[in-house]
Amino acid sequence: MNFEYKHLLPVDFSDDSRVWIYQASRLFTLSEALHIEDMLNDLVTNWKSHGTPVKGYANLFFGQFIILMADEAATGVSGCSIDSSVRIIQQIEKQFSVEMFNWQNLAFVVKDKVQVIPRQQFNYAIENNFITPDTLFFNNVVNNKTELKNNWIIPIKESWLKTKIKTVVKHSL
């Protein structure tokens, strides 16, 4: 799978544009993805903050990640406009029987595919070489377009997860 994505980001958005990433617990089917893209296009077309159109962007990446972006240099986003975007994600969860808000699911690139691992199994995966500190990790806590471009798909050893790796000490008998 090609994990290049930066060319898909809008060039006419400020680097400070706010970003939200929602990770699905599974890969969407093609028909689901097409339907979700329609829903996201509808969100962006009708996204408003206190009646003013939001300069927004929404896309489904790698069949599993929904990225929303609002260029606040054009229009600030309010609690109500954020709530409207969250309602769309909740609708996607319900309609397609998928989790979009489970922050305990971590995603990695393993054997050229997106693999989701529950956070409680992270050290087990490291200890058994399913993943390594060099494995690419989807760092979904990025906040703006600059961070999305530079820090979304990064090696575990360069992410906040590096502090979660337990050192395995083997005792000799």
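Everything below is about the structure printed above this text.
Let me begin by describing the structure that accompanies this report. Quick caveat, the model's predicted, so the values are computed rather than measured.

What counts, and where the lines are drawn
Residues numbered from 1 in each chain as written. Predicted model: local features only at pLDDT ≥ 70, side-chain atom pairs only at ≥ 80, totals over all residues. Heavy atoms only, no water. Pairing = 2+ DSSP bridges. Helix = DSSP H or I, 4+ residues; strand = E, 2+ residues; numbered from the N terminus. Axes fitted to C-alpha atoms, helices over the stretch in contact; angles between N-to-C directions. Expected span 1.5 Å × (residues − 1). Buried < 20%, exposed > 50% of the residue type's maximum accessible area, 1.4 Å probe, protein only. Arc of directions from axis to C-beta. Contact = heavy atoms within 4.5 Å. Phe/Tyr/Trp six-rings, centres within 6.5 Å; stacked < 30°, edge-to-face > 60°.

Before going further, it helps to examine the sheet that holds strand β1 (residues 18-23). The strand order β1-β5-β4 describes an open sheet built from three strands, whose pairing is antiparallel. Lying at the two open borders of the sheet, with one neighbouring strand each, are β1 and β4 (56-61). Shown here is a sheet whose adjacent strand axes are inclined to one another by a mean of 15°, direction ignored. Here β4 runs beside strand β5 (residues 65-70); their pairing, made up of six bridges, is antiparallel.

Here we come to helix α2 (residues 79-96). Because each turn of an α-helix spans 3.6 residues, side chains separated by three or four positions end up pointing in the same direction. An ideal rise of 1.5 Å per residue puts 26 Å on 18 residues; α2 measures up with 26 Å between its terminal C-alpha atoms. If you check which residues of α2 are buried, you get Ser-81, Ile-82, Ser-84, Ser-85, Ile-88, Ile-89, Ile-92 and Phe-96. All buried residues of α2 project into a common sector of 160° when viewed along the axis, lining one side. Every exposed residue of α2 that faces more than 90 degrees away from the buried side is listed here: Cys-80 and Lys-94. Each element contacted by the buried residues of α2 is listed here: β1, α1 (30-46), β2 (48-49) and β5. Within two residues after α2, Ser-97 carries a phi angle of roughly 50°, on the positive side.

Another point: the pairing of strand β6 (residues 105-110). For a regular strand, side-chain orientation follows a simple rule: the groups alternate between the two sheet faces. Judged by how many residues are buried, β6 sits mostly within the fold: six of six residues are covered. As judged from the six bridges shared by β6 and strand β7 (residues 113-118), these two strands associate in the antiparallel manner. Directly across from Leu-106, in β7, lies its bridge partner Ile-117. Between β6 and β7, which pair antiparallel and follow one another directly, the connecting turn spans two residues, one of which, Lys-111, has a positive phi of 50°. As defined by bridge partners, β6 adjoins strand β8 (residues 136-138) across two bridges and the pair is classed as antiparallel.

Quick look at the packing of aromatic side chains now. This structure, assessed with the given rule, holds 20 aromatic pairs. Ring centres of Phe-101 and Trp-103 lie 6.1 Å apart, and the angle between their planes is 85°; on these two criteria the pair is classed as edge-to-face. What makes Trp-103 exposed here is its relative accessible area of 52%. Where Phe-108 meets Phe-122, the ring centres are 6.2 Å apart and the plane angle is 20°; that geometry is what we call stacked. With Phe-108 in strand β6 and Phe-122 in helix α3 (residues 122-127), the pair connects residues that are 14 residues apart, well separated along the chain. Residue class for Phe-122 comes out buried when judged on its relative accessible area of 2%. Three or more aromatic residues joined by ring pairs form one cluster here, namely Phe-3, Tyr-5, Phe-61, Phe-62, Phe-65, Phe-138 and Trp-152.

Across the sheet, four strands lie side by side as β7-β6-β8-β9; this open sheet has antiparallel pairing. Each edge of the sheet is formed by a strand with only one pairing partner; in this case those strands are β7 and β9 (153-155). In this sheet, neighbouring strand axes are inclined to one another by 35° on average, regardless of whether the strands run parallel or antiparallel. Sheet topology places β8 next to β9; three bridges connect them, and they run antiparallel. Residue pairing for β9: Phe-138 is matched across the bridge by Ile-153.

Limitation: the analysis is restricted to geometry and does not speak to function.
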